[in-house]
Amino acid sequence: MGVPQTMEALRERADFIKESLQKSQIITDNMAAILGSFDHRLSALETAMRPTQIRTHSIRRAHENIDKTLKAADVILSQFDLTRKAEAKILRGPHEDLESYLEAIDQLRSNVKFFSSNKSFKSSDGVLNHANQLLAKAISKLEEEFRQLLTNYSKPVEPDRLFECLPNSLRPSSSSGSPRKHGDDNSKSPTEHQGKSLENAVYTLPTLIPPRVIPLLHDLAQQMVQAGHQQQLFRIYRDTRASVLEQSVRKLGVERLSKDDVQKMQWEVLEAKIGNWIHYMRIAVKLLFAGEKKLCDQILDGVDSLRDQCFAEVTVNSVSVLLSFGEAIAKSKRSPEKLFVLLDMYEIMRELHSEIELLFGSKACVEMRDSALSLTKRLAQTAQETFCDFEEAVEKDATKTAVLDGTVHPLTSYVINYVKFLFDYQSTLKQLFQEFDASDPDAQLTSVTTRIMQALQNNLDGKSKQYKDPALTQLFLMNNIHYIVRSVRRSEAKDLLGDDWVQIHRRIVQQHANQYKRVSWAKILQCLSVQGGGSGSGGGTGGDGSASGISRAAVKDRFKTFNVQFEELHQRQSQWTVPDSELRESLRLAVAEVLLPAYRSFQKRFGPMIENGKNPQKYIRYSPEDLDHMMNEFFEGKTWNEQKR
């Protein structure tokens, strides 16, 4: 194909395309016209429907408003209905059904809150006034119900019930339940000897109010607090429980005594009261006060400040009565016999210290806590001063009570028993020493005991000088020092004073025994001595009947003197006393070992000179066996009439 043909073909195609494009434009223009017509028609339709749409929307909103109003009316009507129901319950009072009554109060509070937040209602103010008045009346009835419940179920605890709550070892029926007498060697300090058992002792808190009533009282208290009636609740609780607690304490036997009251009492009466007070303190703290604390915590749970104040006010008078007796004892005139009861009182205060700190640990109870601590320190101070007084009193004791028979002086037995009791209180004394001195308490106790023993010996030395007979002086000192040594060896004091102290004082006893023998028997033994009379040869008999240079008359005089002196000694020293049987036999044997051989020898040597003469029995009155028999009557403390029989 040539070029002209190709060009022709291309022209034809171009004409075809041009024609096609012209047709498309016509179609497009036609479609635009049609669509424009539709838009016009839709706009007209929309304009026509707008009023209908507006009416439909208004109707829908009206329906929604009606629904909301009906719902609000239902809520208000239900609140009115609930108020009427709550009012009916409240008017009936809390006594029949306390739980429903409390629910009614809660409902009433909810209604007040509802109407307070919806004051736009026309009737809100009226409803609120009525509800608030009803609520005030309800709380008033609630207070009365709380008062009646608490009063009706609050009864004093009888002593027997309290005793049943104690461990067996502390009940009055047991030996440790009665006041301890300090004159009895067998009595022991409860803290020292029962300490371990008391540490694990079980105390059962008494039931102060039936458990079923406590939740009701708690709920009532909570409602009163919510109503802002804390002070009314406080006064009701305090007045009711304080009165009952004071009655319980009074029934137990606690009484308020002043220093003057204590001073006027006979010692036996006072000692019994102190013993009782110790038991009362334990019962009051571990049972009554602990029980009150638990009850207060249960009823006033969640109201901490009010709870602590209530407990403080309930217990303050009872605590004061108990502590006032201790203060009166601590401040009264000091005397040696009071030391042990002071230590007993100090012991119980130390024993109860941690519990007192726990029970009265709140700020509201600080005064009672401080009072208890003050009493403990006061008792410690008075006990220490009494201890010092005792040491001085032993040294300076000037009692004129003379023991005519040379036996153990009452002062000696008193002081030794006193020291024995001190060792029953070792741990207490050491604790007491540390209140005032940080040095080793064992060393302090040793020092004090040694000083008391020395003070006693110094006093006995002075008392021994009252005797005119020097032999009785030695016997008196021998008896008393021996009693001291024997008592120390049999007590815990031996471990403290040591073996050296015991050995030294045993030697002192022996020295006094030797002095007694020398002073009492030296003169009579001289009668049986042949020294100074000259000695003949072979022991022959001279023309005047003399033997070994001693004349018959001299021999008679010797026998006569011996008889008189021995009879005097027998008469006098049979009235003397050596109370310890072992020491008594030892002393008799020591004398007999010297006297009897000397008498036998003298009688054997010079007896024949008398036996050959007239009335030998006038001079030789006693055989060695007679003397031995009579020696067994020495130191028996016999009266003159007993000797004559």
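All values derive from a computational prediction rather than experimental measurement.

About the thresholds
- Residues numbered from 1 in each chain as written.
- Predicted model: local features only at pLDDT ≥ 70, side-chain atom pairs only at ≥ 80, totals over all residues.
- Heavy atoms only, no water.
- Helix = DSSP H or I, 4+ residues; strand = E, 2+ residues; numbered from the N terminus.
- Contact = heavy atoms within 4.5 Å.
- Patch = residues over 30% accessible without salt bridge, like charges linked within 9 Å, V, L, I, M, F, W, Y side chains within 5 Å.
- Areas by Shrake-Rupley, 256 points an atom, 1.4 Å probe, with all protein chains shown as cover.
- Salt bridge = Lys/Arg side-chain N within 4 Å of Asp/Glu carboxyl O.
- Lys, Arg positive; Asp, Glu negative; His and termini not counted.
- Charge placed at Lys NZ, Arg CZ, Asp CG, Glu CD.
- Buried < 20%, exposed > 50% of the residue type's maximum accessible area, 1.4 Å probe, protein only.
- Core = buried A, V, L, I, M, F, W, Y, C linked by side-chain atoms within 4.5 Å.
- Phe/Tyr/Trp six-rings, centres within 6.5 Å; stacked < 30°, edge-to-face > 60°.
- Lys NZ or Arg CZ within 6 Å of the ring centre and 35° of its normal.
- Axes fitted to C-alpha atoms, helices over the stretch in contact; angles between N-to-C directions.
- Parallel < 35°, antiparallel > 145°, perpendicular 65-115°, else oblique.
- Nonpolar A, V, L, I, M, F, W, Y, C, P; charged D, E, K, R; others polar.

**Student:** What is the right way to look at the environment of V316 in this model?
**Tutor:** Here V316 shows up in helix α11 (residues 304–331). In this structure, the C-alpha to C-alpha distance between V316 and E246, residues 70 residues apart in sequence, is 9.7 Å.

**Student:** Can you help me understand the side chain of T449 in this one?
**Tutor:** If you trace the backbone, T449 turns up in helix α16 (residues 441–464). Not counting chain neighbours up to four residues away, the residues in contact with T449 comprise V419, F423, L496 and L497.

**Student:** Quick question: what am I supposed to make of a positive patch on the surface here?
**Tutor:** Taken together, K420, R489, R490 and R506 make up a surface patch of like positive charges. With respect to the element layout, R489 can be found in helix α17 (residues 470–489). R489 gets classed as partly exposed once you look at its relative accessible area, which sits at 45%.

**Student:** Sorry, what's going on with the nonpolar core here?
**Tutor:** Nonpolar side chains tend to gather and get buried jointly when the protein is soluble and globular. Within the largest apolar cluster, 155 residues are counted, with the highest numbers of intra-cluster contacts made by F146, W277, F289, I299, M349, W521 and F566. For this core, the element with the highest residue contribution is helix α10 (residues 267–299), accounting for 16 residues.

**Student:** Please explain the packing of aromatic side chains as it appears in this structure.
**Tutor:** Working definition: an aromatic ring pair is given by the centre-to-centre distance plus the angle between the planes. According to the stated counting rule, one finds 21 aromatic pairs in the structure shown. Geometrically, the ring pair formed by F562 and F566 is stacked, given 5.9 Å between the ring centres and 10° between the ring planes. One end of the pair is F562 and the other is F566, both in helix α20 (residues 552–573) and four residues apart, which spans about a single turn. We note that F562, like F566, is buried. One aromatic cluster is present, built from ring pairs that chain together Y516, W521, F562, F566, Y599, Y622, F634 and F635. A cation sits over an aromatic face here: K293 above F311, 5.2 Å from the ring centre.

**Student:** Help me out: how do you make sense of the packing of α10 against α11 in this one?
**Tutor:** Packed helices, taken two at a time, are described by the angle their axes make and the gap between the axes. Close contact between α10 and α11 brings their axes to 11 Å; oriented N to C, the two are set at 175°. If you check the angle between α10 and α11, you find them roughly antiparallel. Grouping the amino acids of the contact of α10 with α11 by side-chain chemistry returns 16 nonpolar, three polar and six charged.

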